[in-house]
Amino acid sequence: MALQFTTSYLEDSLTLFRYNKKLAEGAMAQVTEEQLFVTIDPEANSIAIIVKHMAGNMRSRWTDFLTADGEKPDRDRDTEFEDPPATREALMQLWERGWDCLFGALEPLSDADLGRTVLIRGEPHSVMQAINRQMAHYANHMGQIVLLAKHLQHAQWRSLSVPRGKSADFNRKVVAGEASQR
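In this report, we go over the structure that sits alongside the text. (Residues numbered from 1 in each chain as written. Predicted model: local features only at pLDDT ≥ 70, side-chain atom pairs only at ≥ 80, totals over all residues. Heavy atoms only, no water.)

A closer look at the pairing of strand β1 (residues 117-120)
Then, in step 1: Residues V118 and I120 point to one face of β1 and are all buried, whereas T117 and L119, pointing to the other face, are not buried.
Then, in step 2: Sheet topology places β1 next to strand β2 (residues 123-126); 4 bridges connect them, and they run antiparallel. From the neighbouring strand, T117 faces β2, where its bridge partner is S126.
Then, in step 3: Count of turn residues in the β1/β2 antiparallel hairpin: 2 residues, of which R121 carries a positive phi of about 55°. (Buried < 20%, exposed > 50% of the residue type's maximum accessible area, 1.4 Å probe, protein only. Helix = DSSP H or I, 4+ residues; strand = E, 2+ residues; numbered from the N terminus. Pairing = 2+ DSSP bridges.)

If you want it as structure tokens, here you go:
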């Protein structure tokens, strides 16, 4: 991720959400369709289940973000951990719908909105607190997606950042102005 100087919390938050989304998508692109549904133990979630849960959370949290509680009455969180969409295509459509809710809620905001109060499960949060809460939640799950994909691909894994053992080469390219900032 190339750093772009900003003093806007919202601009920076949107950049971080997009960066983490891209990382998770880069990881998911490396696994087979079958691997999207693999669990590494009986208590673990598959990539597909994590995506389904994140999409459900995003729909609930970001739909009518400023005017309705972020825990919608029609959300059944427990079912997010069951029966994911059966295909990569359907899973990715669900993923995009979740992100559309997030970006649709955040992009129209201004920094003046950050102090407004929103509710999540009846608890008041400033808009900034709500964004931070979800950033942490999603980053956790996107890290799980990357870890699972890397585990499943092991020797075929292509690094999503600076590959192991290549830091010195990358740093030389940065100094020379040749490196592609991810």
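Resuming the write-up.
Thoughts on unusual backbone geometry
Then, in step 1: Positive phi is not limited to glycine here, since D83 has a value of about 40°.
Then, in step 2: Position of D83 among the secondary structure elements: in the loop between α2 (47-62) and α3 (88-106).
Then, in step 3: One non-glycine residue, R121, lies in positive phi territory at about 55°.
Then, in step 4: Position of R121 relative to the elements: it lies in the loop between β1 and β2.

As for the packing of aromatic side chains
For any pair of aromatic rings, the description consists of the separation of the ring centres together with the inter-plane angle of the planes.
Then, in step 1: Here the structure, examined in full by the defined rule, presents 7 aromatic pairs.
Then, in step 2: Taken together, a centroid distance of 4.8 Å and an interplanar angle of 45° make the contact between W62 and F65 tilted.
Then, in step 3: Centre to centre, the rings of W99 and F103 are 5.6 Å apart; their planes meet at 25°, and the pair counts as stacked. In this pair, W99 and F103 both sit in helix α3, 4 residues apart, roughly one turn of the helix.
Then, in step 4: Using a relative accessible area of 11% as the deciding quantity, one classes F103 as buried.
Then, in step 5: Pairwise contacts between aromatic rings join F17, W62, F65, W95, W99, F103 and Y138 into one cluster. (Phe/Tyr/Trp six-rings, centres within 6.5 Å; stacked < 30°, edge-to-face > 60°.)

Overview of α3
Then, in step 1: With 19 residues, α3 should cover 27 Å at 1.5 Å per step; its first-to-last C-alpha distance of 27 Å lies within 8% of that length.
Then, in step 2: Regarding α3, the residues found buried are L91, L94, W95, G98, W99, L102, F103, A105 and L106. With its buried residues spanning 170° around the axis, α3 presents them on a single face. Across from the buried face of α3, at angles greater than 90 degrees, the exposed residues are E89 and D100. (Expected span 1.5 Å × (residues − 1). Arc of directions from axis to C-beta.)

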